[in-house]
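One-letter residues, chain by chain:
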Amino acid sequence: MSHAILDLVQQVMTSPWLYAALFGLALLDGFFPIVPAETSVITAAVFAASGETNLALVIVVAALGAFAGDHISYLIGNKSAGRLREKKAFVWARDTLAERGGLVLVVARYIPGGRTATTLTMGAVRHPLRSFTFFDAIAASSWAVYSGLIGFFGGMAFENDPIKGLLLGLGIAVSITGLVELVRWLRKRRAIQASPERLPADTSV
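What you see is a predicted model; the values in this text were computed from it and never measured. (Residues numbered from 1 in each chain as written. Predicted model: local features only at pLDDT ≥ 70, side-chain atom pairs only at ≥ 80, totals over all residues. Heavy atoms only, no water.)

The next point concerns the overall build of the chain. Across its full length, the chain holds 10 helices and 0 strands. Element order for the chain, N to C, with α for helix and β for strand: α-α-α-α-α-α-α-α-α-α. Residue burial in the chain is summarised as follows: out of 205 residues, 41% are buried. Contacts in the chain between residues far apart in sequence, at least 24 positions, make up 78% of those at least 6 positions apart. (Helix = DSSP H or I, 4+ residues; strand = E, 2+ residues; numbered from the N terminus. Buried < 20%, exposed > 50% of the residue type's maximum accessible area, 1.4 Å probe, protein only. Contact = heavy atoms within 4.5 Å.)

In this structure, Y19, L22, V41, L55, V58, W143 and A144 are the most contacted members of the largest nonpolar core, which totals 27 residues. Elements with a minimum of two residues in this core: α2 (18-29), α3 (37-48), α4 (55-79) and α9 (129-157). Looking at this core, the element that brings in the most residues is α3, giving 8 residues. If you look at the next biggest cluster of nonpolar residues, it comprises 9 residues, including L97, L105, V106 and F132. (Core = buried A, V, L, I, M, F, W, Y, C linked by side-chain atoms within 4.5 Å.)

Okay, a nonpolar patch on the surface next. A grouping of F23, L57, V60 and L64 is seen on the molecular surface, where their side chains present a nonpolar patch of about 320 Å² in accessible area. No other element matches the 3 residues that α4 contributes to the nonpolar patch. Tracing the backbone through its elements, the reader meets F23 in helix α2. Residue classification places F23 among the partly exposed positions, given a relative accessible area of 32%. (Patch = residues over 30% accessible without salt bridge, like charges linked within 9 Å, V, L, I, M, F, W, Y side chains within 5 Å. Areas by Shrake-Rupley, 256 points an atom, 1.4 Å probe, with all protein chains shown as cover. Salt bridge = Lys/Arg side-chain N within 4 Å of Asp/Glu carboxyl O.)

It is worth spelling out the packing of α2 against α3 at this point. At a minimum axis distance of 8 Å, the contact between α2 and α3 shows a crossing angle of 150°. For the element pair α2 / α3, the angle class is roughly antiparallel. Here the hand of the crossing between α2 and α3 comes out left-handed. From α2, L22, L25, A26 and D29 reach across to α3, where they touch A37, S40, V41 and A44. (Axes fitted to C-alpha atoms, helices over the stretch in contact; angles between N-to-C directions. Parallel < 35°, antiparallel > 145°, perpendicular 65-115°, else oblique. Left-handed = near helix turned anticlockwise from the far one by under 90°.)

Let's shift gears to the packing of α4 against helix α8 (residues 114-124). Taken N-terminus to C-terminus, the directions of α4 and α8 make an angle of 50°; their axes are 6 Å apart at the nearest point. Regarding the angle of α4 to α8, the classification is oblique. Judged by the twist between their axes, the crossing of α4 over α8 is right-handed. For the pair α4 and α8, the contacting residues are D70, S73, Y74, I76, G77 and N78 in the first and R115, T116, T119, L120, M122, G123 and A124 in the second. Looking at side-chain class alone, the contact of α4 with α8 contains 5 nonpolar, 6 polar and 2 charged residues. (Nonpolar A, V, L, I, M, F, W, Y, C, P; charged D, E, K, R; others polar.)

Of all 11 residues making up α8, 11 are buried, and the element is well covered by its neighbours. Where α8 is concerned, the buried positions are G114, R115, T116, A117, T118, T119, L120, T121, M122, G123 and A124. With its phi angle positive at about 60°, R126 sits one or two positions after the end of α8.

What follows covers unusual backbone geometry. One non-glycine residue, R126, lies in the positive phi region at around 60°. The residue R126 is located in the loop between α8 and α9 in this model.

Attention shifts here to the confidence of the model for the chain. Model confidence for the chain is summarised by a mean pLDDT of 76, while 62% of its residues fall at 70 or above. The spread of mean pLDDT over the elements of the chain runs between helix α1 (residues 2-13), the lowest at 58, and α4, the highest at 94. Segment residues 201-205: pLDDT under 50, and 0 contacts once partners within four positions in sequence are set aside and those in other chains are kept. (pLDDT = per-residue confidence, 0-100.)

What follows is the structure, encoded as structure tokens:
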């Protein structure tokens, strides 16, 4: 069974349409976040370790696809502002954007669901397109490099067993995402505990 799966994956990795598919998945992931874009990039990068794919090309097409997809999400947000204003994710992204500016776009790309909420919000609040484009170029490029290198080094660690390399790469990506979420949760909890509403009332006369 594992050999059949490996053969199928290898056939996909050597297809001339691979890079177009990676671009399309990364683009769709910008506004349809259930698309497995990161998994696809990591998988293609795993096979780059054995020379079956080109790591640099994997990273470039993934970055370009993510960049284009984020701009589509920005446009959707721009056209749908009224319907988004009461959404919980929209409120979170709007408040974070007001506090940290465009840099939140870079951070949000590594938070499940946060990327789409942020790009939609930046469009909805009419964040300057030039600023959005600048920060999104950083976000999309860093994400593509991160995903590509995780897969590549996983493939190098298990050059003769790419399935294990893929599992290692995905495990590292999930662990990093979990760590980011844990840090975010701890910071939010600390901020709530330190808020003035939780301080004891002044009983002095």
